[in-house]
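Spelled out from the first residue to the last, the chains are:
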Amino acid sequence: MNIVGHLINGQINTDAARTQEVFNPATGLASKQVALASKQTVEEAIAAAEAAYPQWRNTPAIKRARIMFRFKELLEQNADRICELIGEEHGKISHDAAGELQRGIENVEYACGIPELLKGEYSKNVGPNIDSWSEFQPLGVVAGITPFNFPAMVPMWMFPLAIACGNTFVLKPSERDPSSTLFIAQLLHEAGLPEGVLNVVNGDKEAVDVLLTDERIKAVSFVGSTPIAEYIYTTANANGKRCQALGGAKNHAIVMPDADMDNAVNQLLGAAFGSSGERCMALSVAVAVGDAAADALVAKMRDAMQTLKVGAYSDSSNDFGPVITRQHQQKVVGYIDSAEADGASVVVDGRAPQVSGYEEGFFVGATLIDGVTPAMQSYQEEIFGPVLQVVRVESMDEAMQLINDHEYGNGTCIFTRDGEAARYFSDHIQVGMVGINIPLPVPVAYHSFGGWKRSLFGDLHAYGPDGVRFYTKRKTITQRWPSAGVREGAEFSMPTMK
Ligand code: NAD
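Residues numbered from 1 in each chain as written. Predicted model: local features only at pLDDT ≥ 70, side-chain atom pairs only at ≥ 80, totals over all residues. Heavy atoms only, no water.

### Here we look at the packing of helix α4 (residues 94-111) against helix α6 (residues 153-164)
Next, step 1: Running from N to C, α4 and α6 cross one another at 10°; their axes reach a closest spacing of 8 Å. Considering their axes alone, α4 and α6 lie roughly parallel with respect to each other. Here E100, L101, R103, G104, I105, N107, V108, Y110 and A111 of α4 lie close against α6, whose contacting residues are M153, M156, W157, P160, L161 and A164.
Next, step 2: Of the residues in the contact of α4 with α6, the class split is 11 nonpolar, two polar and two charged. (Axes fitted to C-alpha atoms, helices over the stretch in contact; angles between N-to-C directions. Helix = DSSP H or I, 4+ residues; strand = E, 2+ residues; numbered from the N terminus. Parallel < 35°, antiparallel > 145°, perpendicular 65-115°, else oblique. Contact = heavy atoms within 4.5 Å. Nonpolar A, V, L, I, M, F, W, Y, C, P; charged D, E, K, R; others polar.)

Below, the structure is given as structure tokens:
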């Protein structure tokens, strides 16, 4: 069976004492093995990154940018192959994989602007003959640890910008769908990246723990579930590393009584069920304000959901594919069971979808649950499947309180025609990314991405301007060139401009 290996110092290495099966979620069959890196393998990758750092750090930013320009072109030329690899191992439909890839490419485009982004700040004459400037220097070797649900996009939130800033990088992608990430890293080498600047190690906790504790790693970016994000953040901090750890979500959409209901239903369909609900920005709770809005929403959703097609990635007429593993399929079904047992009503039931030709696939059909209350486990926890739950409330204030009380604060949205309500909502909601009639308010590459509360541990959001800050440290230099023959006397009080 094919082994997906590591990329260390520009070379593919498939040696591994331990491996794990990689499944095609549509067929339910293992198609490959992935090598799981040992401590020694991760240390080799860190050593390669450390050796490459001095020269890469001193490579002019414009030359680093040129490699990013070539990388962008190669990503576009190889888009079909990348989407195929994503489909085979993640299961998302080719049009969805293309969208993910495009979002990743936009982060590369942002990194192409690195000479401008690193220009720094300059002040002339802060004192007599004294000038001062701040520059943004790279950190050294930095690491990224990424989740299964965006094997192309999320790694590209991290390494293009980190590398463009002058760092070298060790990436640990998800072991569940590693091939597209590895292929993308190879394309960056084809674009001219020197060996050792980007290294990829596949693996599990054993590999991650080396990245969190090895003193040569200066910063860690993580994206994944909240319990692991919290562990990563705490451990990285305890080991003196800068860390940003993005976690899970429970994204609510408020549906106001004045909303354009047909539009809201269309938007909710894509945002709740697209990518099988396996997006950290998926809308998983619709909070309907007033029973009339709730009844209309549920009736229209039920009708619209009859036309949804779940199936294999290769048929682009499908709306969404399987979930990632058999175990996850059972977990999602378990949440639907628990909501029903807790008294909610399953209006559209996706627990046993028929997908002809793919009977062993990890499919869950689109599911709509009405009458969900905040006390239910299915409301409190992240399901990460194609399940939309409807909570009925009496007022917008009650809807906002619900969102603000939830432990997660990644994304949210309001459907309304009332500008005043929308403005109040965006001002007071305790969530990091807000949509107004926009169901998936994923910030573009030149803003930054991050949730609030237990959806993000750390101060700086991912990519965009916060990404540049995360992957650099500020140094401020103050200089004086005294005029010839002028000698300054000793000054014992704090220097000021008084
Ligand atoms: P996960 O937390 O299981 O895994 C993420 C990464 O952590 C993987 O590389 C994995 O190998 C590693 N890992 C897993 N267990 C570990 C352990 N015990 N110790 C050290 N490392 C460990 O997440 P996942 O299932 O791959 O991805 C889905 C989750 O990611 C969801 O919760 C989703 O909301 C979240 N997510 C968040 C964002 C965001 O931007 N906030 C984006 C995408 C996904």
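### A closer look at a positive patch on the surface
Next, step 1: Taken together, the side chains of R57, K218, R242, K473 and K475 present a region of like positive charge at the surface.
Next, step 2: Tracing the backbone through its elements, the reader meets R242 in strand β12 (residues 242-246).
Next, step 3: Residue class for R242 comes out partly exposed when judged on its relative accessible area of 33%. (Patch = residues over 30% accessible without salt bridge, like charges linked within 9 Å, V, L, I, M, F, W, Y side chains within 5 Å. Areas by Shrake-Rupley, 256 points an atom, 1.4 Å probe, with all protein chains shown as cover. Salt bridge = Lys/Arg side-chain N within 4 Å of Asp/Glu carboxyl O. Lys, Arg positive; Asp, Glu negative; His and termini not counted. Charge placed at Lys NZ, Arg CZ, Asp CG, Glu CD. Buried < 20%, exposed > 50% of the residue type's maximum accessible area, 1.4 Å probe, protein only.)

### Describing the packing of aromatic side chains
Next, step 1: Counted according to the given criterion, the structure contains 10 aromatic pairs.
Next, step 2: Centroid distance F71 to F159: 6.2 Å. Interplanar angle 45°. Geometry classified as tilted. Here F71 is found in helix α2 (residues 61-77), whereas its partner F159 is found in helix α6, with 88 residues between them in sequence. Neither residue differs from the other here; F71 and F159 are each classed as buried.
Next, step 3: Both rings, one in Y122 and one in W133, keep their centres 6.4 Å apart while their planes meet at 25°; by these two values the pair is stacked. Separated by 11 residues along the polypeptide, Y122 in strand β6 (residues 121-127) and W133 in strand β7 (residues 130-138) bring together distant segments of the chain.
Next, step 4: One residue, R469, lies across the ring of F136, its end atom 4.2 Å from the ring centre. (Phe/Tyr/Trp six-rings, centres within 6.5 Å; stacked < 30°, edge-to-face > 60°. Lys NZ or Arg CZ within 6 Å of the ring centre and 35° of its normal.)

### A look at the pairing of strand β8 (residues 141-145)
Next, step 1: The buried fraction of β8 amounts to five of the five residues, a majority that puts the element mostly inside the structure.
Next, step 2: Neither face of β8 is exposed, since V141, A143 and I145 on one face and V142 and G144 on the opposite face are all buried.
Next, step 3: By the bridge criterion, five bridges tie β8 to strand β9 (residues 168-172) in an arrangement that is parallel. Of the residues in β9, the one forming a bridge with V142 is F169.
Next, step 4: A crossover connection joins β8 to the parallel β9 through α6; in handedness this β-α-β unit is right-handed.
Next, step 5: Sheet topology places β8 next to strand β11 (residues 217-223); five bridges connect them, and they run parallel. Its bridge partner lying in β11, V142 is registered against A219. (Pairing = 2+ DSSP bridges. Right-handed = clockwise from strand over helix to strand, strands pointing away.)

### What to know about the side chain of R64
Next, step 1: With respect to the helices and strands, the residue R64 is situated in helix α2.
Next, step 2: This buried residue, R64, is left without a salt bridge; E135 holds the nearest opposite charge, at 11 Å.
Next, step 3: A polar atom in the side chain of R64 sits 3.5 Å from the backbone oxygen of W56.
Next, step 4: Each residue touching R64, except ones within four places of it in the same chain, is listed here: W56, R57, T59, L118, I163, A164, C165 and G166. (Polar contact = N/O pair within 3.5 Å; in protein donor to acceptor, adjacent residues only side chain to side chain.)

### Observations concerning the domain arrangement of the protein chain
Next, step 1: We note that the domain assignment places domain 1 (3-247 + 455-477) and domain 2 (251-436) within the protein chain.
Next, step 2: Each of domain 1 and domain 2 has a C-alpha centre, and these two points are 31 Å apart.
Next, step 3: Facing the 24 residues of domain 1 at the interface are 26 residues of domain 2.
Next, step 4: Buried surface at the junction of domain 1 and domain 2, both sides included, amounts to about 2100 Å², of which 61% is carbon and sulfur.
Next, step 5: The largest contributions to the domain 1 side of the interface with domain 2 come from A26, I93 and S455, which together make up 26% of the buried area.
Next, step 6: Our count for the domain 1 to domain 2 interface comes out at one salt bridge.
Next, step 7: The salt bridge involving R279 is made with D96; its shortest N-O contact spans 3.0 Å.
Next, step 8: Viewed at the interface, domain 2 and domain 1 are joined by nine residue pairs in polar contact (both at pLDDT 80 or more). (Domains from an automatic or database assignment. Buried area = accessible area lost by both parts, 1.4 Å probe.)

### Details of the nonpolar core
Next, step 1: Formed by 70 residues in total, the largest nonpolar core has its most connected members in F71, W157, F159, I163 and F169.
Next, step 2: Here this core takes 10 residues from α6, the largest share from any one element.
Next, step 3: Taken domain by domain, this core gets at least three of its residues from each of domain 1 (3-247 + 455-477) and domain 2 (251-436). (Core = buried A, V, L, I, M, F, W, Y, C linked by side-chain atoms within 4.5 Å.)

### A few points about unusual backbone geometry
Next, step 1: For K453, which is not glycine, the phi dihedral falls at a positive 55°.
Next, step 2: By the secondary structure assignment, K453 is in strand β21 (residues 452-453).

### Side note on the packing of helix α8 (residues 205-213) against helix α9 (residues 226-238)
A packed helix pair is summarised by two numbers, namely the angle formed by the two axes and the spacing between the axes.
Next, step 1: Here α8 crosses α9 at 35°, and the two axes come no closer than 9 Å. Between α8 and α9, the residues in contact are K205, V208, D209 and L212 and Y231, I232, T235 and A236, respectively.
Next, step 2: A per-class count over the contact of α8 with α9 returns five nonpolar, one polar and two charged.

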